[in-house]
Amino acid sequence: MDMQPRFLAFPQGFWWGSAWSAEQAEGRGNTGKGRTQWDMSWDRDPHRFYHGVNTDITTDFFHRYRDDIQLMKQTGHNSFRLSISWARLFPQGDGEISPAAVAFYRDMLQEMNANGIKPFANLYHFDMPEAMMLKGGWENREVVAAYVNFCDACFREFGDLVFHWFTFNEPLGPVLGGYMEDFHYPNVIDFKRGVQVGFHTLLASALAIKAFKTHQLPGKIGIILNLSPTYPRSEHPADVQAAKYADLFYNRSFLDPAVKGTFPPELVDTLRRHDLMPQYTEQDLQDIRDNRVQILGLNYYEPRRVKARASAVNPDAPFMPDWYFDSYVMPGRKFNPHRGWEIYEKGIYDLCVDIRDNYGNIEAFISESGMGVANEERFIREGQVQDVYRIGFIQNHLAYLHQAIQEGCNIKGYHLWTFIDCWSWINAYKNRYGLVSLDLATQQRTVKKSGEFYKALSDENGFYFNGLYVDF
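Residues numbered from 1 in each chain as written. Predicted model: local features only at pLDDT ≥ 70, side-chain atom pairs only at ≥ 80, totals over all residues. Heavy atoms only, no water.

Asks: Help me understand the packing of aromatic side chains, please; the structure alone is not making it clear to me.
Replies: Any pair of aromatic rings gets described here by the distance separating the centres and the angle formed by the planes. Across all of its chains, the model carries 57 aromatic pairs by this definition. Aromatic pair Phe 7 and Tyr 464: ring centres 4.9 Å apart, planes at 65 degrees, arrangement edge-to-face. With Phe 7 in strand β1 (residues 6-9) and Tyr 464 in strand β21 (residues 462-465), this pair connects stretches of sequence that are 457 residues apart. When the ring of Trp 20 is compared with that of Phe 419, the centres are 5.6 Å apart and the planes differ by 55 degrees; the resulting orientation is tilted. With a gap of 399 residues between them, Trp 20 in the loop between β2 (15-19) and α1 (22-25) and Phe 419 in the loop between β17 (411-416) and β18 (431-432) connect regions that are remote in the sequence. Exposure remark for Phe 419: the relative accessible area of 0% places this residue in the buried category. (Phe/Tyr/Trp six-rings, centres within 6.5 Å; stacked < 30°, edge-to-face > 60°. Helix = DSSP H or I, 4+ residues; strand = E, 2+ residues; numbered from the N terminus. Buried < 20%, exposed > 50% of the residue type's maximum accessible area, 1.4 Å probe, protein only.)

Asks: What's the story with empty space enclosed by the protein in this structure? I'm lost.
Replies: Sizing a probe to match a water molecule and rolling it over the atoms shows the empty space that remains. According to the stated counting rule, one finds five cavities of 30 Å³ or more in the structure shown. Around the largest cavity, the lining residues are Gln 37, Tyr 124, Met 128, Met 133, Trp 138, Pro 174, Tyr 179, Tyr 185, Pro 186 and Val 197. Taken together, the residues of the lining of the largest cavity break down into nine nonpolar, one polar and no charged. (1 Å grid on protein atoms, 1.4 Å probe; cavity = no way out; pocket = protein on both sides within 12 Å on 5 of 7 lines; lining within 4 Å. Points joined across faces, edges and corners; volume = space filled by probe spheres on them. Nonpolar A, V, L, I, M, F, W, Y, C, P; charged D, E, K, R; others polar.)

Asks: So what exactly am I meant to see when it comes to helix α3 (residues 61-74) here?
Replies: Within an α-helix, residues lying three or four positions from one another point in the same direction, as the helix has 3.6 residues per turn. The terminal C-alpha atoms of α3 lie 17 Å apart, and with 14 residues this falls more than 12% below the ideal 20 Å at 1.5 Å per residue. Along α3, the helix axis deviates most sharply at Asp 67, where the bend reaches about 50 degrees. Turning to α3, its buried residues number three or more, namely Phe 61, Phe 62, Tyr 65, Asp 68, Ile 69, Leu 71 and Met 72. For α3, the elements touching its buried residues are α1, β3 (79-83), α4 (86-89), α5 (99-114), β19 (436-439) and β20 (444-447). (Expected span 1.5 Å × (residues − 1). Bend = angle between axes of the 7 residues up to and from the residue. Contact = heavy atoms within 4.5 Å.)

Asks: Quick question: what am I supposed to make of the side chain of Arg 390 here?
Replies: Mapped onto the elements, Arg 390 comes out in helix α14 (residues 388-406). At a separation of 2.8 Å, a polar atom in the side chain of Arg 390 contacts the side chain of Glu 376. Those residues in contact with Arg 390 that lie beyond four places of it in its chain are Met 371, Val 373, Glu 376, Arg 432, Tyr 433, Gly 434, Lys 448 and Ser 450. (Polar contact = N/O pair within 3.5 Å; in protein donor to acceptor, adjacent residues only side chain to side chain.)

Asks: What's the story with the pairing of strand β13 (residues 364-368) in this structure? I'm lost.
Replies: Along any regular strand the residues' side chains alternate between the sheet's two faces. Most of β13 is tucked away, with five of its five residues classed as buried. One ladder, built from four bridges, connects strand β8 (residues 295-299) with β13; its direction is parallel. Bridging from a neighbouring strand, Leu 298 pairs with Ile 366 of β13. Looking at chain direction, β13 and β17 are connected through two bridges and run parallel. Bridging across to β17, Ala 364 finds its partner in Ile 411. (Pairing = 2+ DSSP bridges.)

Asks: For this particular structure, what's the right way to read the pattern of salt bridges?
Replies: Should their charged atoms come close, side chains of opposite charge can pair. With the rule as written, the count across this model stands at 38 salt bridges. Residues Asp 68 and Arg 445 are paired through a salt bridge, measuring 2.8 Å at the closest nitrogen-oxygen approach. With Asp 68 in helix α3 and Arg 445 in strand β20, the pair connects residues that are 377 residues apart, well separated along the chain. The burial state of Asp 68 is the same as that of Arg 445; both residues are buried. (Salt bridge = Lys/Arg side-chain N within 4 Å of Asp/Glu carboxyl O.)

The following block contains the structure:
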């Protein structure tokens, strides 16, 4: 990449904004919101929650959305991705809709539109209603049907106010957390059940898209996937093969059915080989083929680096994808010690090029990108967090994103994670990601230095780039 100082201009109408979810930002409110899996997790394992902070209040967006939308304007937002809480709209997951919840969301979405901010509405962000979780969550076909009913209600009640819709955020997350890595409820280790969850999630997405089409709304509908470009340690065939398997399990497993309507044959063969195939019907496969996404959200945080396994697999251990590879730490990597992630800006370029070359250059946008930093009060000067590291992080990634767009990638926007410091799953407020800082005790909001940068970025639809910022 040419590192001469220059102004990087983005396409006209580029979406500048950020993202968060209902469970992480709204608080409980007063609409009679039903309990979710996070309440169930809190009841059973409160020790898992950092500093004992749950989702009762969080950023209290429910009560503060009018002021917060003004802060969105103040930080340069022309778009914003939120989620609609299934448990708020249907406290039991199905049955009667909550009129108070409908009124809240309509008022909030109208306020966003009135202030020139396009609402992007996501329909599921890790927040299964308790009543649905008690039925088995995404393992149960009844829950798929209830979810599609919820989506249909959202299209009906809010379709005139939403710019673009998304069926799921990071559908890989509940599989990883709930059935593989023990960080989301129900905290079981059973990859076959996880495969069923993944399949039903993709089916639910397709059926929601099918329902969306019947409403003839002006917006588009898609899905948001967390995708990490996969890099082998070397060009040795064993390392390359290891990277191929990691890519299949963690990227192509959701990307192919969502965009192409089909599953990668190598992945299906691997699941069959280990007796891990889900239950499904031919009609399910037809619905997935016929109802592909119209737009794709790309969440990019870190690369995935792998190498050939150095040791044999324990055949009595539960199957996991890493039976086929080992993780690899690249020497000299740039690293965020607070979140534990490698920072590799070129990955955002490689991801976009992959979508361009292998997925029909489908319309897409960066739906999450960001860095969490602990103890940001260390960087307060004259009452403001001087987060120059976040500004550098954004600039570095945008430079590679700009290059991807210049080379024909169909990327329409960039959404940062996140707007105001919000509650993170299990980690609560340990790491801060926002353009705006939050004092949890007082709920006071203060725009960070990065928020001022983001406003200028949006107003100018670009920025002067002076080379990679490296001091994290």
